[in-house]
6 protein chains.
Amino acid sequence: MTEPWKAKFEDERARLNDVVLESGHLGIKRFFALDEQAYRSGALPAKVKELLGLVASLVMRCDACVSYHLIRCREEGVTREEFDEAANVALVVGGSIVIPHLRSAAERFEDLAAS
Amino acid sequence: MTEPWKAKFEDERARLNDVVLESGHLGIKRFFALDEQAYRSGALPAKVKELLGLVASLVMRCDACVSYHLIRCREEGVTREEFDEAANVALVVGGSIVIPHLRSAAERFEDLAAS
Amino acid sequence: MTEPWKAKFEDERARLNDVVLESGHLGIKRFFALDEQAYRSGALPAKVKELLGLVASLVMRCDACVSYHLIRCREEGVTREEFDEAANVALVVGGSIVIPHLRSAAERFEDLAAS
Amino acid sequence: MTEPWKAKFEDERARLNDVVLESGHLGIKRFFALDEQAYRSGALPAKVKELLGLVASLVMRCDACVSYHLIRCREEGVTREEFDEAANVALVVGGSIVIPHLRSAAERFEDLAAS
Amino acid sequence: MTEPWKAKFEDERARLNDVVLESGHLGIKRFFALDEQAYRSGALPAKVKELLGLVASLVMRCDACVSYHLIRCREEGVTREEFDEAANVALVVGGSIVIPHLRSAAERFEDLAAS
Amino acid sequence: MTEPWKAKFEDERARLNDVVLESGHLGIKRFFALDEQAYRSGALPAKVKELLGLVASLVMRCDACVSYHLIRCREEGVTREEFDEAANVALVVGGSIVIPHLRSAAERFEDLAAS
């Protein structure tokens with residue numbers, strides 16, 4: 001059984017986003033808005049976009065980004081089989097240096113699926 | 001009007017794959033097989049997997065990889081609107097350094113769509 | 001003597017930006033606007049911001065990005081001595097894989113300085 | 001209120017630099033010297049060079065490097081407004097994968113500014 | 001004196017590999033097999049291959065990968081002098097952003113050498 | 001049959017190194033010296049160091065760096081079998097985005113071996 005990382009992750013993320021945005025820099029604020037809008041359902045459904053975000057985060061090896069997209073993937077109903085196939089694309093594209101990130105992603109996916 | 005890059009790209013790719021594989025290294029041969037299998041239809045359809053490959057290639061900034069997945073995306077029926085939404089995810093995740101690759105990708109996508 | 005790369009670079013850049021933007025994706029258009037605004041004079045002068053863009057482009061090894069920021073650096077009056085000091089930071093941070101990009105950057109800087 | 005990370009960071013850094021250098025490899029020792037010299041005031045003031053180091057570290061996503069340059073930026077008098085503008089360049093160039101590093105950088109900057 | 005990280009690292013690695021592989025995705029399983037086979041003695045001895053893996057992991061800045069190859073390097077008899085020369089290649093190729101990873105690698109190497 | 005790329009590559013490299021170094025920046029000059037010294041025979045033979053440089057260049061996807069180390073590898077007597085095993089490590093560590101660089105590397109290796 002793993003720690004309830006999801007609530008902790010989301011609280012810390014919200015708290016630090018405030019620290020970033022509280023100084024009121026317009027460009028950073030707009031970038032955050034574009035980031036959120038990029039994953040909204042359109043010609044491609046939100047589920048596919050979250051899988052795109054997950055694979056991009058895995059090959060770029062950003063654990064915090066992976067955690068965020070895992071939470072969203074689960075909300076969009078991504079199954080373990082779909083996660084594995086997306087993760088396999090990331091593994092083949094990005095190589096064995098993706099494996100440490102794949103390890104924690106698999107654990108977090110299972111944790112989210114069990115809750 | 002752009003040059004007929006697709007045939008040239010595929011010929012060069014096939015010719016150089018032969019140079020890589022002709023020495024018979026088993027590990028490299030197996031990696032090439034895993035690479036091809038990763039994009040086959042399964043729990044996720046081939047079209048989604050090609051979009052995953054496209055976005056991964058864009059954020060990793062590999063023009064040859066982008067060209068390959070663009071050809072496959074068109075074969076799977078990806079529209080310009082879907083391409084734009086996937087490219088936008090890559091742009092937001094990977095930043096402005098993705099733009100030069102996005103430029104040639106957009107041109108190549110239009111070229112494939114027109115043929 | 002090098003070819004007059006600047007005009008060619010700017011024409012190609014403008015032509016391909018049109019190919020990217022002509023389909024009217026709002027997210028991509030807004031990203032392009034944020035990209036341009038990030039380098040405008042503010043608390044930090046435009047010259048410093050262009051040097052930031054140059055160093056970021058060198059360590060990320062994006063030749064097209066380097067070319068763009070070199071043109072802007074020259075417009076902002078960056079000298080060879082200042083270029084060398086910024087390039088040295090990029091070289092130390094990013095390592096010898098930056099060198100091929102530093103080579104063409106130095107040639108392009110001299111070309112711009114001579115014109 | 002965050003933990004007094006600065007002293008801890010600097011102690012750990014000094015302790016581990018000793019572990020790296022105690023075996024007396026000349027190349028590594030010289031690299032460390034070049035690294036330090038790259039940020040000394042010259043044609044560009046130290047403040048600008050530290051901002052270059054900060055942006056390079058953010059786009060390369062190296063938290064320890066970011067922490068080091070944040071400490072030096074504050075010593076050179078960088079304001080929150082200047083930090084935001086430099087961070088925005090890093091965010092636009094490097095994309096949303098920079099955000100987790102921007103989050104901790106903003107927190108650390110505020111921590112240094114408050115002390 | 002550092003904590004006995006080796007046992008902890010290997011246990012965690014084995015536990016999470018199980019989480020990755022337990023769903024039975026064939027592509028991921030085969031990738032893991034290729035990864036292991038790549039470092040077996042052949043035309044190049046295992047020791048040289050582990051040094052290749054170490055340097056690749058350092059320039060790609062993957063601490064977990066570095067730890068794995070450090071353990072294997074020690075098993076193959078790599079000395080501190082050989083470690084330093086390989087690390088120096090990684091430092092020159094990858095630049096100062098490699099230094100935080102070099103710091104923990106040197107500490108872990110010494111820890112393994114002392115046990 | 002491929003063009004005699006080696007002479008052209010070496011001439012261009014020497015010409016542009018002069019453009020980089022002619023302004024006399026001491027830090028850059030010293031970095032170039034460290035770069036050369038890193039591959040000299042020591043506790044590890046030059047051949048192994050060139051293989052380290054080759055694999056680091058492949059996973060970092062720097063074609064010019066790969067070409068340089070291929071020339072040096074051949075001078076140190078690296079065989080196709082040894083090249084394949086080193087390239088396989090790079091492929092597994094770095095993933096399929098290494099393949100375009102592996103393709104041209106294999107062609108260049110064969111070209112050097114035939115001359």
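Residues numbered from 1 in each chain as written. Chains lettered and ligands numbered in written order. Predicted model: local features only at pLDDT ≥ 70, side-chain atom pairs only at ≥ 80, totals over all residues.

Asks: Help me understand the overall build of chain A in this model?
Replies: The helix and strand tally for chain A stands at 6 helices and 0 strands. Along the chain direction, N to C, the helices and strands of chain A fall in the order α-α-α-α-α-α. A compact globule built from 115 residues would reach a C-alpha radius of gyration of about 13 Å, and chain A, at 15 Å, matches this within 12%. Taken over the C-alpha atoms alone, chain A extends approximately 40 × 35 × 25 Å along its principal axes. (Helix = DSSP H or I, 4+ residues; strand = E, 2+ residues; numbered from the N terminus. Rg over C-alpha atoms; globule rule 2.2 N^0.38 Å.)

Asks: Would you take a moment to explain the nonpolar core for this structure?
Replies: Looking at soluble globular proteins, one finds that nonpolar side chains tend to be buried together. Formed by 222 residues in total, the largest nonpolar core has its most connected members in A:Val55, B:Val55, C:Val55, D:Val55, E:Val55 and F:Val55. Dropping the residues within four chain positions of it, A:Val55 is found in contact with A:Ala86, A:Val89, A:Ala90, B:Leu52, B:Val55 and B:Ala56. (Core = buried A, V, L, I, M, F, W, Y, C linked by C-beta atoms within 7 Å. Buried ≥ 20, exposed ≤ 12 C-beta atoms within 10 Å, placed from the backbone. Contact = placed C-beta atoms within 7 Å.)

Asks: So what exactly am I meant to see when it comes to the interface of chain C and chain E here?
Replies: Many descriptions give the size of an interface as the accessible area lost when the pieces come together. In this assembly, 6 residues from chain C lie in contact with 6 residues from chain E. Of the residues assigned to the side of chain C that touches chain E, the class counts are 3 nonpolar, 3 polar and no charged. (Nonpolar A, V, L, I, M, F, W, Y, C, P; charged D, E, K, R; others polar.)

Asks: Sorry, what's going on with the interface of chain B and chain A here?
Replies: On the chain A side, the residues contacting the 25 residues of chain B number 25 residues. For the side of chain B that touches chain A, the secondary structure elements donating two or more residues are α2 (26–37), α3 (46–59) and α5 (80–94) of chain B. If you tally residues by element for the side of chain B that touches chain A, the top one is α5(B), at 9 residues. Its residues assigned to classes, the side of chain B that touches chain A comprises 16 nonpolar, 4 polar and 5 charged.

Asks: Sorry if this is basic, but what is going on with the relation of the copies chain C and chain E here?
Replies: Mapping between the two chain copies consists of a rotation about an axis together with a translation along that axis. The operation relating chain C to chain E is a screw motion whose rotation component is 180°, with 0.0 Å of axial translation and a residual RMSD of 0.0 Å. The transformation relating the two chain copies, once decomposed into turn and shift, fits a two-fold axis. Ranked by how close their C-alpha atoms come to the rotation axis, the residues of chain C are headed by C:Gly95, at 1.8 Å. A shared binding surface is used by both copies, with 100% of the interface residues of chain C retained as interface residues in chain E. (Least-squares fit on C-alpha atoms with pLDDT ≥ 70 in both.)

Asks: Help me understand the relation of the copies chain B and chain A, please; the structure alone is not making it clear to me.
Replies: Overlay of chain B on chain A (RMSD 0.0 Å): rotation 180°, translation along the axis 0.0 Å. Both copies share a contact surface, since 100% of the interface residues of chain B are interface residues in chain A too.

Asks: Explain the environment of B:Gly94 to me, please; I cannot follow it from the model alone.
Replies: Along the chain, the position of B:Gly94 falls in helix α5. Classification of B:Gly94 by C-beta neighbours within 10 Å gives buried; the count is 27. Along the primary structure B:Gly94 and B:Arg61 are separated by 33 residues, whereas in three dimensions their C-alpha atoms are 8.9 Å apart. In this view, B:Gly94 contacts B:Leu58, B:Val59 and D:Gly95; residues no more than four positions away in its chain are not counted.

Asks: Would you mind going over unusual backbone geometry with me for this structure?
Replies: Across the chain, the bulk of peptide bonds are trans and the bulk of non-glycine residues have phi less than zero. A positive phi is found at B:Arg61, a non-glycine position, where the angle reads about 55°. In this fold, B:Arg61 is placed in the loop between α3 and α4 (63–75).

Asks: Sorry, what's going on with helix α4 (residues 63–75) of chain A here?
Replies: Note: α-helices contain 3.6 residues per turn, so residues at a spacing of three or four share the same orientation. With 13 residues, α4(A) should cover 18 Å at 1.5 Å per step; its first-to-last C-alpha distance of 19 Å lies within 8% of that length. Of the residues making up α4(A), those classed as buried are A:Cys65, A:Val66, A:Ser67, A:Tyr68, A:His69, A:Leu70 and A:Cys73. Packing partners of the buried residues in α4(A) comprise α1 (5–21), α3 (46–59), α5 (80–94) and α6 (99–114) of chain A together with α6 (99–114) of chain D. With its phi angle positive at about 85°, A:Gly77 sits one or two positions after the end of α4(A). (Expected span 1.5 Å × (residues − 1).)

Asks: Quick question: what am I supposed to make of the packing of helix α4 (residues 63–75) of chain F against helix α6 (residues 99–114) of chain F here?
Replies: When two helices pack together, their arrangement is given by the angle between the helix axes and the distance between those axes. Residue and element names in this part refer to chain F. Contact pair α4 / α6: the axes reach a minimum separation of 10 Å and the direction vectors enclose 30°. Considering their axes alone, α4 and α6 lie roughly parallel with respect to each other. α4 and α6 meet at a crossing whose hand is right-handed. Across the interface between the two elements, Asp63, Val66, Ser67, Leu70, Ile71 and Arg74 from α4 touch His101, Ser104, Ala105, Arg108, Phe109, Leu112 and Ala113 from α6. Across the contact of α4 with α6, the residue classes tally to 7 nonpolar, 3 polar and 3 charged. (Axes fitted to C-alpha atoms, helices over the stretch in contact; angles between N-to-C directions. Parallel < 35°, antiparallel > 145°, perpendicular 65-115°, else oblique. Left-handed = near helix turned anticlockwise from the far one by under 90°.)

Asks: Which parts of the structure should I look at to understand α3(B)?
Replies: Compared with the 20 Å implied by 1.5 Å per residue over 14 residues, the 20 Å span of α3(B) between its first and last C-alpha is a close match. Listed as buried for α3(B) are B:Val48, B:Lys49, B:Glu50, B:Leu51, B:Leu52, B:Gly53, B:Leu54, B:Val55, B:Ala56, B:Ser57, B:Leu58 and B:Val59. Summarising the contacts, the buried residues of α3(B) are in contact with α3 and α5 of chain A together with α4, α5 and α6 (99–114) of chain B. Phi turns positive one or two residues past the end of α3(B), at B:Arg61, with a value near 55°.

Asks: Please clarify how the packing of α5(A) against α6(A) should be interpreted in this entry.
Replies: Residue and element names in this part refer to chain A. Interaxial distance between α5 and α6 falls to 12 Å at its minimum, and their mutual angle equals 165°. Compared by their axis directions, α5 and α6 come out roughly antiparallel. As α5 runs across α6, the sense of the crossing is right-handed. Of the residues in α6, those in contact with Arg80, Phe83, Ala87 and Leu91 of α5 are Leu102, Ala105, Phe109 and Ala113. Among the residues making up the contact of α5 with α6, the classes are represented as 7 nonpolar, no polar and 1 charged.

Asks: Can you walk me through the environment of E:Asp84 in this structure?
Replies: You can see E:Asp84 is positioned in helix α5 (residues 80–94). Counting along the chain gives 53 residues from E:Asp84 to E:Phe31, while the straight-line C-alpha distance between them is 30 Å. When near neighbours in sequence (up to four residues on either side) are disregarded, E:Asp84 contacts D:Ser23, D:His25 and D:Ile28.

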